Amino acid sequence: MMMAGVRRIFARLWRGSRAGGADGALLWFGLTALLVCFLAYLTGAAPLLILALALLGLAGCALALQPWPELPAGPQEDAQKAASMEEIEALADRMWEMQESEQRFHGLLEALGDLVVHRDRNGRILYANSVFAEFMEVEPSALKGKTLPELGVDIGLVPDAAFSDGESLSSTDVPIHAKGGLRWFSWTELSLRDRENDTVSHWAIARDITARKRAEGALVNARERAEQASLAKSRFLATVSHEIRTPMNGIMGMATLLADTRLSPEQRTYLGAISTSAAALLALIEDLLDYSKIEAGRLELEPQRVNVRELVENIVELMASRAFAKNIGLGCHIAPEVPDTVTADPGRLRQILLNLLGNAVKFTEEGGVLVTVTTAMHDDKPALAFKVDDTGPGLDEATIERIFHEFEQADSGPTRRHGGAGLGLAITSRLVEAMDGGIAVESAPGEGAAFTVLLPLLEGADAPVEATLALKGWNVAILTPHAVEGEALAMTVRAHGGKVRVFDGEKSAAALLRRRQAAFDAVLVDASLESGNVDLLARLRRQGLHAEQALTLIAPTDRGRLSAFRANGYGVFLARPVRGRTILRLLLNGRPSTAESAAAEPDAPGRGPSPRTGAALNVLVAEDNEINAMLARATLTRAGHRVTLVSNGRAAVDALTHPARDYDIVLMDLHMPVLGGLDAISGVRRYEEETGLPPIPILVLSADGQEKTRHGVLAHGASGFVTKPLDPDKLLSALETHAAA
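Here is what the cut-offs are and how they apply
- Residues numbered from 1 in each chain as written.
- Predicted model: local features only at pLDDT ≥ 70, side-chain atom pairs only at ≥ 80, totals over all residues.
- Heavy atoms only, no water.
- Helix = DSSP H or I, 4+ residues; strand = E, 2+ residues; numbered from the N terminus.
- Buried < 20%, exposed > 50% of the residue type's maximum accessible area, 1.4 Å probe, protein only.
- Contact = heavy atoms within 4.5 Å.
- Areas by Shrake-Rupley, 256 points an atom, 1.4 Å probe, with all protein chains shown as cover.
- Pairing = 2+ DSSP bridges.
- Axes fitted to C-alpha atoms, helices over the stretch in contact; angles between N-to-C directions.
- pLDDT = per-residue confidence, 0-100.
- Phe/Tyr/Trp six-rings, centres within 6.5 Å; stacked < 30°, edge-to-face > 60°.
- Lys NZ or Arg CZ within 6 Å of the ring centre and 35° of its normal.
- 1 Å grid on protein atoms, 1.4 Å probe; cavity = no way out; pocket = protein on both sides within 12 Å on 5 of 7 lines; lining within 4 Å.
- Points joined across faces, edges and corners; volume = space filled by probe spheres on them.
- Nonpolar A, V, L, I, M, F, W, Y, C, P; charged D, E, K, R; others polar.
- Salt bridge = Lys/Arg side-chain N within 4 Å of Asp/Glu carboxyl O.

## Some words on the overall build of the chain
Per the secondary structure count, the chain includes 23 helices and 22 strands. When the 741 residues of the chain are sorted by exposure, 40% land in the buried category. Pairs at least 24 apart in sequence give 66% of the contacts found in the chain among residues at least 6 apart. Element-wise, carbon and sulfur atoms account for 56% of the exposed surface of the chain, whose accessible area totals about 40,500 Å².

This is the structure in structure tokens:
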């Protein structure tokens, strides 16, 4: 009861003090009287005075604690009190919810496992989660008020101007030195501005990305090592290939010189085997060089104007000897609408076609190979389509998927019949890709293969030519055992408006003649169908064949029979494989031109370079390899030129800077002892500038046929570049061209 009374006293005292009413004053008076009474008792005052003070204090407290009747409140006051209570309760609930939300937010920041920091406008920490505190090895409370640079974190503040519109999100990678070593963090920071009170805060979250950074570093190191290894491999291949080409120059050159001497049939057979093997080895070396350049990323295209017809037909003629040796046909048809000249890299285009055509001839044992060039669309842009069809063994789907990979071959088993390194198609595919083109193959086992290359027509190409119907109304008969060549000729005739019938021999033609008389404007007969008596044409005419013109298709081996063909009614000779515009011109003219007569009589195999009729030249040859020097001397001497040999670059400079020099042209090897070819050329050019002498033509001899090397020697002052192995005809032609210039 006593404690309850005390509580009642203090409660009433508190209420009285807040209300400022009379009961409060009485209560204070009563308590004061009792206190004075107690002090009087302690000091020994008169008992009567003590009693009076006690009664007075008790009476005041009694009157103060007596409940006073309250006046009844009005309805309006009750409503106001109820509304106030509701507002107070709602405000208390909102404050409780905000407190819970803040607790959940901080709990989430703690559970993330990432570093979380809240900073003010000046960069001082307002809040940091326990993860950040543990990482810094300090208590969370000790972080407040500090800046990140003070803690060793090198990151600044986003300027206020960067988020003047309200907020800015930034991200960067930050290194932080910790006790366990350097750690990397992905630091993402959101900077906010309160537009009402212009307060600024920066919230940052940082995630540990040390493992990712280490992986990236390892990847960069691995890539650098791979690039260095690739570069080393390319250098090795280039060096080895160069060293192989040098003796190859001697082998092939000496074989060429030996072929121009008197040899027995057996010796000529052996010499042919040497030349064939050397050519195969040289082709392999070229593939290795190209592959090394592609792998090293050093493949550079050199677009220029090129005559497509001339290039394609030259390649087909180049492969003709290989096709004829296997007794298979080789035909070429270039559609009339194909532009005469286009912009392309002629060397790379030639390489693509040589690879495709070479493979087709190699794998075809019966039938033949047909090359066609037409216009097409590639990626919705005009393009040229080069197609090589063969009648070889064909390819299955599994082989098609892998033949464009490096070192893959269609015939890769232990019993394979054809050699090769398996780089040709891989290089072709890379070259086509570099030229923004596409390559595809259609094939099935036993049905041959058709490779198609699409190359875009770059700006500068001639406008497509409209086909002329020059042979409209013509009727042409073609007799050939080679269906592919017959089809190529037929496509040319039809493209110019003519009609054509193709026969595989005398029997099929005679079958038509027995049914009805046949009148043709021209008849083309393959010389291989003619017997020794050359009477096939006469027999067909007796059976009812009427033809205004008779043309015969000859191979190089038919050269000795031309007089017999003329005597038996053939007025025109066409060298196989026949060029499209050649047959068109001869059909329309009715007789061969002088140039065609020459083309129809190819040189016999094994003949050496024909003697030159130009003036004799004084030639200085700087070559350290004895065999190559011997080859150059023999080639030039046979052509009637005078040759002086030196074995190093210093001797060449001494000879060319002598006041009495009397040379018309110089052949300079690129790699020589004492002084290299480039340094020797630079020395000669400096001497000529100082003395005012006209520059002497200098042709560089090198087994390195890369365009980079070619440009380098020309930049050092060379007049031309001749690639080893030396071709006698090309060497003499280059020599006389530069000497005349």
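## Points about the environment of Gly367
Along the chain, the position of Gly367 falls in the loop between helix H10 (346-363) and strand S9 (368-378). When the C-alpha atoms of Gly367 and Gly392 are compared, they prove to be 7.8 Å apart, with 25 residues separating the residues in sequence. Once residues lying within four places of it in the same chain are set aside, the contact partners of Gly367 are Ile328, Gly329 and Thr391.

## Notes on the sheet that holds strand S11 (residues 438-443)
Across a sheet, strands are paired by hydrogen bonds formed along the backbone, either parallel or antiparallel in direction. Spatial strand order, S7-S9-S10-S12-S11: five strands in an open sheet with mixed pairing. The sheet terminates laterally at strand S7 (329-334) and S11, the two strands that pair on one side only. For this sheet the average axis-to-axis angle between neighbouring strands, irrespective of direction, equals 20°. Across eight bridges, strand S10 (residues 381-390) lies against strand S12 (residues 449-456) in antiparallel orientation. Paired with Val388 across the strands is Phe451, a residue of S12. Lying on the sheet, helix H12 (residues 424-434) is in contact with S11 and S12; it crosses S11 at an angle near 135°. Running at roughly 20° to S7, helix H13 (residues 483-495) makes contact with S7 and S9 of the sheet.

## Here's the deal with the confidence of the model for the chain
Confidence in the prediction for the chain averages 79 pLDDT; 80% of positions are at 70 or higher. A low-confidence stretch, residues 1-20 (pLDDT under 50), is modelled with 13 contacts involving residues beyond four sequence positions or located in other chains.

## Concerning the environment of Pro140
If you trace the backbone, Pro140 turns up in helix H6 (residues 140-143). Pro140 sits 11 residues away from Asn129 along the chain, and the two C-alpha atoms are 7.0 Å apart. Apart from the residues lying within four places of it in its own chain, the contact partners of Pro140 are Ala128 and Ala133.

## Things to note about the packing of aromatic side chains
Enumeration according to the criterion identifies four aromatic pairs in this entry. For the pair Phe565 and Tyr570, a centre-to-centre distance of 5.8 Å together with 90° between the ring planes defines the contact as edge-to-face. Here Phe565 falls in the buried class, since its relative accessible area comes to 0%. Where Phe565 meets Phe573, the ring centres are 6.5 Å apart and the plane angle is 50°; that geometry is what we call tilted. Exposure remark for Phe573: the relative accessible area of 7% places this residue in the buried category. Connected via pairs of aromatic rings, a cluster forms that spans Phe565, Tyr570 and Phe573. The cationic tip of Lys213 hangs over the ring face of Trp184; the distance from NZ or CZ to the ring centre is 4.8 Å.

## Topic: empty space enclosed by the protein
The final tally for this structure, using the stated rule, is four cavities of 30 Å³ or more. Considering only enclosed or pocket space, the largest cavity measures out at about 70 Å³ in volume. Of all the secondary structure elements, the ones that give two or more residues to the lining of the largest cavity are S7 and H13. Within the lining of the largest cavity, the residues separate by chemical class into seven nonpolar, one polar and two charged. Lining the second largest cavity we find Glu313, Val316, Glu317, Cys332, Pro577, Val578, Arg579 and Gly580. Of the residues forming the lining of the second largest cavity, the biggest block, three residues, is contributed by helix H9 (residues 308-325). Looking at the lining of the second largest cavity residue by residue, the classes come out as four nonpolar, one polar and three charged.

## A short note on the pattern of salt bridges
Working definition: two side chains of opposite charge can pair if their charged atoms are close together. All told, the structure shown has 20 salt bridges when counted by the stated rule. Put simply, Arg685 and Glu688 hold a salt bridge, and the shortest N to O gap is 2.9 Å. With Arg685 and Glu688 both in helix H21 (residues 677-691) and three residues apart, this pair spans about one turn of that helix. Residues Arg685 and Glu688 agree in their burial class; the two are buried. One continuous salt-bridge network, built from bridges that share partners, spans Asp173, Arg212, Lys213 and Glu216.

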